[in-house]
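Here is how the chains run, residue by residue.
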Amino acid sequence: MAVVDPLIELRGVNKHYGTLHVLQSIDLTVGRGEVVVVIGPSGSGKSTLCRAMNRLETVESGEIVIDGQALPEEGKALARLRAEVGMVFQSFNLFAHKTVLANVSLAQIKVRKRKKEDADRRSRELLDRVGLAAHADKYPAQLSGGQQQRVAIARALAMDPKALLFDEPTSALDPEMINEVLEVMQQLAHEGMTMVVVTHEMGFARSAANRVVFMADGKIVEDRAPEDFFTAPRSDRAKDFLSKILKH
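In the annotation of an unreviewed UniProt entry, the entry for the chain reads ABC-type polar-amino-acid transporter, and the organism field reads Streptomyces venezuelae. Word for word, the UniProt comment on the chain under Catalytic activity (unreviewed entry) is "a polar amino acid(out) + ATP + H2O = a polar amino acid(in) + ADP + phosphate + H(+)". The UniProt entry for the chain carries the following text under Sequence similarities (unreviewed entry): "Belongs to the ABC transporter superfamily."

Visitor: Before we move on, can you summarise the overall build of the chain with the specific residues and values?
Guide: Check the secondary structure of the chain and you find nine helices and 10 strands. Here the chain has a C-alpha radius of gyration of 18 Å; the compact-globule value for 248 residues is 18 Å, and the two agree. Taken along the three principal axes of its C-alpha coordinates, the chain extends 55 × 40 × 35 Å. Burial statistics for the chain: of 248 residues in total, 52% are counted as buried. The contacts in the chain between residues at least 6 apart in sequence include a share of 66% that link residues at least 24 apart.

Visitor: If you had to explain the sheet that holds strand 5 (residues 69-70) to someone new, which residues and values would you point to?
Guide: Here we have four strands laid out as an open sheet, ordered 2-1-4-5, and antiparallel in their pairing. Since the sheet does not close on itself, it has two edges, and those belong to strand 2 (20-31) and strand 5, each with one partner.

Visitor: Tell me about the environment of glycine 145, residues and numbers included.
Guide: For glycine 145, the location among the structural elements is in helix 5 (residues 145-157). For glycine 145, a relative accessible area of 16% corresponds to the buried category. Along the sequence, glycine 145 and glycine 12 sit 133 residues apart, while their C-alpha atoms lie 37 Å from each other. Not counting the four nearest positions on each side in its chain, glycine 145 is found in contact with Phe92, Leu173 and Met177.

Visitor: I'd love a proper account of the pattern of salt bridges, names of residues and values included.
Guide: If charged atoms from side chains of opposite charge come close, those side chains can pair. Following the criterion strictly, the structure yields 23 salt bridges and no others. A salt bridge links aspartate 67 to arginine 32; the nearest nitrogen and oxygen atoms lie 2.7 Å apart. Highlighted residues: aspartate 67 in the loop between strand 4 (61-66) and strand 5 and arginine 32 in the loop between strand 2 and strand 3 (35-39), separated in sequence by 35 residues. Residue classification places aspartate 67 among the partly exposed positions, given a relative accessible area of 27%. One salt bridge in this structure joins lysine 162 and glutamate 84, with 4.0 Å as the shortest N-O distance. With lysine 162 in the loop between helix 5 and strand 7 (163-167) and glutamate 84 in the loop between helix 2 (75-82) and strand 6 (85-88), this residue pair connects regions lying 78 residues apart in the sequence.

Visitor: Tell me what's going on with the pairing of strand 3, and back it up with residues and numbers.
Guide: Buried residues dominate strand 3, accounting for five of its five residues. Judged by which residues are buried, strand 3 turns out to be covered on both faces: Val35, Val37 and Ile39 on one side and Val36 and Val38 on the other are all buried. Pairing geometry for strand 3 and strand 8 (residues 194-198), over four bridges, is parallel. Its bridge partner being in strand 8, valine 38 is matched across the sheet by valine 198. Bridge count for strand 3 against strand 9 (residues 211-216) is four bridges, and the pairing is parallel. Each residue of the ladder has a partner; that of valine 38, found in strand 9, is valine 213.

Visitor: I'd love a proper account of the nonpolar core, names of residues and values included.
Guide: Ranked by size, the top nonpolar core spans 49 residues in total, and within it Ile39, Leu127, Ile153, Phe166, Met185, Leu188 and Met195 carry the most contacts. Core analysis: the next-biggest nonpolar cluster, separate from the first, contains 29 residues, Leu10, Ile26, Leu165 and Met215 among them.

Visitor: I'd like to hear about the packing of aromatic side chains, residue by residue, with values.
Guide: This model, assessed by the stated rule, comprises three aromatic pairs. Where phenylalanine 214 meets phenylalanine 241, the ring centres are 5.3 Å apart and the plane angle is 50°; that geometry is what we call tilted. Here the residue phenylalanine 214 occupies a position in strand 9, and phenylalanine 241 occupies one in helix 9 (residues 236-246), the gap between them amounting to 27 residues. By the burial criterion, phenylalanine 214 is buried, and phenylalanine 241 matches it. Among the aromatic side chains, those forming a connected cluster through ring pairs are Phe214, Phe229, Phe230 and Phe241.

Criteria and cut-off values
Residues numbered from 1 in each chain as written. Predicted model: local features only at pLDDT ≥ 70, side-chain atom pairs only at ≥ 80, totals over all residues. Heavy atoms only, no water. UniProt positions renumbered as here; feature names shortened; annotations may be inferred. Helix = DSSP H or I, 4+ residues; strand = E, 2+ residues; numbered from the N terminus. Rg over C-alpha atoms; globule rule 2.2 N^0.38 Å. Buried < 20%, exposed > 50% of the residue type's maximum accessible area, 1.4 Å probe, protein only. Contact = heavy atoms within 4.5 Å. Pairing = 2+ DSSP bridges. Salt bridge = Lys/Arg side-chain N within 4 Å of Asp/Glu carboxyl O. Core = buried A, V, L, I, M, F, W, Y, C linked by side-chain atoms within 4.5 Å. Phe/Tyr/Trp six-rings, centres within 6.5 Å; stacked < 30°, edge-to-face > 60°.

Encoded structure:
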């Protein structure tokens, strides 16, 4: 699909794990303010694709461009660019020995070089935004999984990223906690945050995405508007995938 104002561009990206070709000549462009949801069967390369976008996964060939700049291989320049692309993982990756507030403030102080009081003020605003203002002084273990994931989203937002990547953000959560996280993500989408979301939540894909990217066997098989994809998938792989998940 033609993208008007590209923010993330992948051109001919390849990645192997041993003999397994996990990403096969991937071309994908995500426009500024777009929400792109990546779906597909397990082992299709979705998470690898998401993690390649900020070089958490190295790629063997091809180019990844963030806001007009090629992603550096390593070093300070990579750290700087990585700060522009926030990441929310399946496991919340919070520091257990730090309070919720300190978790959200830490990278602001270390990477963005903000003063502690400025960082803490920003952190409290963001905790309020994800509905956790009252929990700032607790430790992660005192929160539910859904609350911890919302802290992780606040922490990613605290860096003022240009885009956010979500790698299966709800798959480790109990069913009753999934919606509280998706609601925060819906709100971000509504506010125009550029997001790439790898998820199994088809309701979210349908309601929040501008585009659905369907992957199978390391390739992008379809890249379409959600309504078109869900009502009339073109490929047999997508039809098969949807028939399996939409029955339940």
